[in-house]
Number of protein chains: 2
Amino acid sequence: MKLADLAAMAGVSTATVSRALSGHPSVSKTTQERIRALAREHGVRPNQLARNLRLRSTGAIALAMPLGHARTQHLTDPFFLSLLGFLADLLVDRGYDILLSRVLPENDEWLDRLVDSGRVDGVLLVGQSDQYDTIERVAARYAPLVVWGVNRPGQRHLTIGSDNIRGGGIAATHLLGLGRQRLLFLGDPAPPEFAERLAGFRDAAGATAVEVLSCEMDPDAVHAAVRARLAAGTAPDAIFAASDVAAMSALRALTEAGLDVPGDVAVIGYDDVTLAAHTSPPLTTIRQDLVTGTRLMVETLLRRIAGETATSAIVPPELIVRASA
Amino acid sequence: MKLADLAAMAGVSTATVSRALSGHPSVSKTTQERIRALAREHGVRPNQLARNLRLRSTGAIALAMPLGHARTQHLTDPFFLSLLGFLADLLVDRGYDILLSRVLPENDEWLDRLVDSGRVDGVLLVGQSDQYDTIERVAARYAPLVVWGVNRPGQRHLTIGSDNIRGGGIAATHLLGLGRQRLLFLGDPAPPEFAERLAGFRDAAGATAVEVLSCEMDPDAVHAAVRARLAAGTAPDAIFAASDVAAMSALRALTEAGLDVPGDVAVIGYDDVTLAAHTSPPLTTIRQDLVTGTRLMVETLLRRIAGETATSAIVPPELIVRASA
DNA sequence: GCGCGCCTTGCAAACGATTGCAGAGCTGCT
DNA sequence: AGCAGCTCTGCAATCGTTTGCAAGGCGCGC
């Protein structure tokens with residue numbers, strides 16, 4: 001049932017109906033009441049699509065995770081899911097809906113399509129993956145875009161993220177403090193955030209060599225990689241995993257190989273997902289403060305939507321010492 | 001940049017541009033190529049809103065969780081989040097976007113607004129909460145609506161869900177088999193799925209009395225409720241929690257009270273969320289098969305969108321025995 | 001009695017796409 | 001030459017709102 005139908009029934013124009021329903025002051029109290037009552041009675045609900053088209057605003061925010069590197073990584077990834085959960089709560093509280101969008105960057109148009117589709121008022125991206133240049137290009141012409149990820153010097157697009165270099169450094173320092181000497185970085189060093197974690201790790205390791213075990217971030221792939229590595233020769237005595245999920249796969253592979261954690265091998269993860277506190281042994285990890293981070297993302301985005309200025313921000317990572325290292 | 005602009009540049013009508021971009025056979029190869037090239041060069045991307053309005057289809061599915069009972073329950077709830085993850089993967093694979101929608105049922109219009117907004121081609125609901133009647137009413141006039149929840153005799157709306165009565169029964173049987181006598185059901189018995197779990201539990205308990213500790217499903221509330229109950233008098237020797245999250249809160253309260261699980265009190269949860277395997281002790285629980293469940297939801301919904309018939313379905317629950325009971 | 005201003009309401013133009021129908025131009029056949 | 005038939009393109013309506021502008025009706029003051 002559309003406004004025009006109601007207008008016909010009420011014997012007025014659709015213009016009047018529209019104004020009555022939106023409480024426009026220029027329509028008389030009596031007509032307003034009459035139309036309101038009629039609308040309730042017949043269950044009239046304006047088509048949002050038409051409304052959005054006319055108003056050029058939608059009340060929706062797009063949320064996407066570019067899966068450039070890890071095609072196999074799914075939305076079921078715990079880190080993404082909890083980020084999503086926090087963001088969803090915050091946005092819903094502010095009256096926005098969330099468009100969870102399809103992103104498989106087969107070409108460099110995906111982000112253009114998203115921002116130009118007219119379906120959303122702003123875009124939130126989780127991770128830059130291998131799409132840094134695309135994001136940079138689009139951000140130059142489209143303001144309401146905020147990314148969870150790394151911030152490089154001279155970067156144009158707004159990011160909120162944890163200090164990955166620092167986080168990597170903290171991990172290395174902690175492991176060295178435990179007297180570990182054969183350090184191994186586990187994960188895909190290609191995505192920017194992981195690259196920074198590795199860089200910070202190497203930096204703080206100083207003279208101590210860092211072995212890199214590069215693999216896809218999918219749990220089975222990580223598990224297989226670690227198992228192969230353990231079969232290949234002298235085990236490391238410390239593993240710094242690029243994510244908690246990777247760390248958990250490592251834990252499993254180590255246990256299966258009969259190695260004790262942290263006795264034989266210390267393991268440290270990244271993210272502090274909810275699960276990390278419950279693995280056995282409980283995972284020592286570098287926490288990303290998602291409560292603060294997601295709040296900043298939403299605030300920054302809303303500021304940009306309102307046409308105000310905003311800046312990137314970095315939330316400090318924190319070492320959470322549990323039992324695995 | 002809209003089609004009309006491109007049309008002006010190319011010296012043709014917007015009609016031709018539209019047809020060229022959509023590969024309509026009635027526009028000549030040469031014009032098609034020329035317009036395509038021009039479009040690429042100037043980054044023309046059709047406004048989806050206008051397109052959807054005209055076509056009366058959107059390529060998006062709404063996903064919502066009515067929070068009638070548990071106002072405090074957030075989207076960060078692990079069960080909802082993993083359901084969301086599975087659904088998102090499935091829908092995205094089929095080319096649909098997901099509109100994660102604001103649902104706070106302050107009145108009984110929320111679902112009408114969602115289906116009449118024109119923004120989605122179909123609606124997926126997680127849980128019926130206290131909105132059973134509303135859902136029933138809307139389903140009578142709106143076909144593409146599928147709900148995760150309970151199925152009652154004579155129900156009109158399509159549901160996919162696990163057999164909660166059976167699940168409750170399995171829990172009771174297992175606990176009685178362990179020789180437990182003082183059974184306690186923990187959770188809010190109001191939402192239909194929880195009510196059924198309790199009913200099945202009671203039924204299978206037979207002559208053995210079942211105490212009900214009713215509380216909000218928010219973790220802190222559950223924890224407080226269990227603590228108060230333990231302080232109040234003789235502890236139960238078995239707890240059946242309405243969800244894994246509630247079970248985990250119970251675990252914490254029991255440990256704090258110096259009780260051993262499962263020595264003093266056996267604990268059994270519901271859902272088998274990822275976390276359940278990693279609590280200490282690992283949680284015995286009733287698994288809901290989400291892989292099958294979500295696949296059925298999506299298939300059923302797509303069938304309804306296509307105008308075909310479809311029926312409700314029930315996936316069997318399964319007892320996962322770990323260490324807590 | 002007339003004109004001014006106020007209160008309501010309606011007309012019609014947006015918003016930006018898609019598509020049925022008609023017509024323009026061309027070829028080819030008789 | 002004339003006409004049928006085919007290929008391509010454009011006109012204009014349509015989807016369902018919102019809103020600037022203008023106008024109708026009415027009261028009131030002079």
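Definitions and cut-offs
- Residues numbered from 1 in each chain as written.
- Chains lettered and ligands numbered in written order.
- Predicted model: local features only at pLDDT ≥ 70, side-chain atom pairs only at ≥ 80, totals over all residues.
- Heavy atoms only, no water.
- Helix = DSSP H or I, 4+ residues; strand = E, 2+ residues; numbered from the N terminus.
- Rg over C-alpha atoms; globule rule 2.2 N^0.38 Å.
- Buried < 20%, exposed > 50% of the residue type's maximum accessible area, 1.4 Å probe, protein only.
- Contact = heavy atoms within 4.5 Å.
- Areas by Shrake-Rupley, 256 points an atom, 1.4 Å probe, with all protein chains shown as cover.
- Lys, Arg positive; Asp, Glu negative; His and termini not counted.
- Charge placed at Lys NZ, Arg CZ, Asp CG, Glu CD.
- Axes fitted to C-alpha atoms, helices over the stretch in contact; angles between N-to-C directions.
- Left-handed = near helix turned anticlockwise from the far one by under 90°.
- Nonpolar A, V, L, I, M, F, W, Y, C, P; charged D, E, K, R; others polar.
- Buried area = accessible area lost by both parts, 1.4 Å probe.
- Salt bridge = Lys/Arg side-chain N within 4 Å of Asp/Glu carboxyl O.
- Polar contact = N/O pair within 3.5 Å; in protein donor to acceptor, adjacent residues only side chain to side chain.
- Pairing = 2+ DSSP bridges.
- Core = buried A, V, L, I, M, F, W, Y, C linked by side-chain atoms within 4.5 Å.
- Near = heavy atom within 4 Å.
- Domains from an automatic or database assignment.
- Least-squares fit on C-alpha atoms with pLDDT ≥ 70 in both.
- Right-handed = clockwise from strand over helix to strand, strands pointing away.

> Help me understand the overall build of chain A, please; the structure alone is not making it clear to me.
Tallying secondary structure elements over chain A gives twelve helices and twelve strands in all. Its C-alpha radius of gyration of 25 Å places chain A more than 25% over the 20 Å reference for a compact globule of 325 residues. On the principal axes, the C-alpha backbone points of chain A span a range of 85 × 40 × 30 Å. Looking at chain A as a whole, 54% of its 325 residues qualify as buried. The long-range fraction of contacts in chain A, counting pairs at least 24 apart against all pairs at least 6 apart in sequence, stands at 69%. Of the roughly 13,600 Å² of accessible surface on chain A, 51% is carried by carbon and sulfur atoms. Considering chain A, the positive charge centre built from 32 side chains and the negative charge centre built from 36 side chains are found 9 Å apart.

> Is there a simple way to think about the packing of helix H4 (residues 48-55) of chain A against helix H4 (residues 48-55) of chain B in this case?
Each packed pair of helices is defined by two parameters, the angle between the axes and the distance between the axes. Direction vectors running N to C along H4(A) and H4(B) enclose 145 degrees, while the axes themselves pass 9 Å from each other. The element H4(A) and its partner H4(B) pack so that their crossing is left-handed. In this structure, H4(A) uses Leu49(A), Ala50(A), Asn52(A) and Leu53(A) to contact H4(B), whose residues at the interface are Leu49(B), Ala50(B), Asn52(B) and Leu53(B). Taken together, the residues of the contact of H4(A) with H4(B) sort by class into six nonpolar, two polar and no charged.

> How should I be thinking about the interface of chain B and chain A in this particular structure?
Taken together, the contacts link 41 residues of chain B with 41 residues of chain A. Here chain B and chain A share an interface that buries about 3,700 Å² over both sides, 62% of which is from carbon and sulfur atoms. Taking the shortest distance from any N to any O, the salt bridge between Asp116(A) and Arg45(B) comes out at 2.8 Å. Counting every contact that joins chain B to chain A gives ten residue pairs in polar contact (both at pLDDT 80 or more). Among the secondary structure elements, those contributing two or more residues to the side of chain B that touches chain A are H4, helix H5 (78-93), strand S2 (97-100) and helix H6 (110-116) of chain B. Its residues assigned to classes, the side of chain B that touches chain A shows 15 nonpolar, 15 polar and eleven charged. The sheet contact formed by strand S2 (residues 97-100) of chain A and S2(B) spans three bridges and is antiparallel. Counted as the bridge partner of Leu99(A) is Leu99(B) from S2(B).

> It is not clear to me how the pattern of salt bridges should be interpreted in this structure. Could you clarify?
With the rule as written, the count across this model stands at 24 salt bridges over all chains. Residues Asp272(A) and Arg322(A) are paired through a salt bridge, measuring 3.1 Å at the closest nitrogen-oxygen approach. Placement of the pair is Asp272(A) in the loop between strand S9 (266-271) and strand S10 (284-287) and Arg322(A) in the segment after strand S12 (318-320), with a sequence separation of 50 residues. For Arg322(A), a relative accessible area of 24% gives the class partly exposed. As a salt-bridge pair, Asp272(B) and Arg287(B) come within 2.8 Å of each other at their nearest N and O atoms.

> What exactly am I supposed to notice about the nonpolar core here?
One recurring pattern in soluble globular proteins is that nonpolar side chains are buried together. Core analysis: the biggest nonpolar cluster contains 139 residues, and Leu124(A), Trp148(A), Leu186(A), Val267(A), Leu124(B), Leu186(B) and Val267(B) have the highest contact counts within it. When neighbours within four sequence positions are excluded, Leu124(B) is seen to be in contact with Ile61(B), Ala62(B), Leu63(B), Ala64(B), Leu87(B), Leu91(B), Val146(B), Met297(B) and Leu301(B). Among the nonpolar cores identified, the runner-up in size contains 36 residues, and Val138(A), Tyr142(A), Val103(B) and Leu125(B) belong to it.

> Would you mind going over the protein's contact with DNA strand C with me for this structure?
DNA strand C sits among 24 residues. The nearest are Thr16(A), Arg56(A), Leu3(B), Ser18(B) and Arg54(B). Backbone sugar and phosphate groups make up 67% of those atoms of DNA strand C lying within 4 Å of the protein. Between Ser13(A) and DNA strand C, the recorded distance is 3.0 Å, taken from a backbone N or O atom to a phosphate oxygen. Between Asn47(B) and DNA strand C, the recorded distance is 2.7 Å, taken from a backbone N or O atom to a phosphate oxygen. For the surface near DNA strand C, the residue count by class is nine nonpolar, eight polar and seven charged.

> Please clarify how the protein's contact with DNA strand D should be interpreted in this entry.
Near DNA strand D there are 24 residues, and of these Ser18(A), Arg54(A), Thr16(B), Thr31(B) and Arg56(B) occur at the shortest range. The sugar-phosphate share of atoms of DNA strand D within 4 Å of the protein amounts to 67%. Side-chain polar atom of Arg19(A) to a base oxygen of DNA strand D: 3.3 Å apart, as the coordinates give it. Put simply, the parts of the chain that give the surface near DNA strand D at least two residues each are helix H2 (14-21) and H4 of chain A together with helix H2 (14-21) and H4 of chain B. In terms of residue count, H4(A) provides more of the surface near DNA strand D than any other element does, four residues in total. Its residues assigned to classes, the surface near DNA strand D shows nine nonpolar, eight polar and seven charged.

> How do you make sense of the domain arrangement of chain A when you look at a structure like this?
The accessible area lost on association of the parts is a frequent measure of interface size. Along its sequence, chain A is organised into domain 1 (3-46), domain 2 (60-162 + 290-316) and domain 3 (164-287). Computed over C-alpha atoms only, the centres of domain 1 of chain A and domain 2 of chain A are separated by 39 Å.

> Whenever I open this one, the environment of Ala171(B) confuses me. Can you help?
All names here are of chain B. Checked against the element boundaries, Ala171 lands in helix H8 (residues 164-177). Separated by 59 residues in the primary sequence, Ala171 and Asp112 have C-alpha atoms spaced 38 Å apart. The contacts of Ala171, once residues within four sequence positions are left out, are Phe201, Phe240, Ile268 and Ile286.

> Just checking my understanding: could you explain the relation of the copies chain B and chain A for this structure?
For these two chain copies, the linking operation is a rotation about an axis paired with a shift along it. Once turned by 180 degrees and shifted 0.0 Å along the axis, chain B lies on chain A with an RMSD of 0.1 Å. The relationship between the two copies is best expressed as a two-fold rotation axis. Both copies contact each other with a shared surface, as 100% of the interface residues of chain B are interface residues in chain A too.

> Please clarify how the pairing of strand S4 (residues 145-148) of chain A should be interpreted in this entry.
All names here are of chain A. Side-chain alternation along S4 places Leu145 and Val147 on one buried face and Val146 and Trp148 on a second face that is also buried. Where strand S3 (residues 122-126) lies against S4, four bridges are found, and the strand directions are parallel. Its bridge partner lying in S4, Val126 is registered against Trp148. In this region the chain leaves S3, passes through helix H7 (residues 132-139) and returns to the parallel neighbour S4; the handedness of that crossover is right-handed. Bridge count between S4 and strand S5 (residues 158-162): three bridges; the pairing is parallel. Counted as the bridge partner of Val147 is Thr159 from S5.

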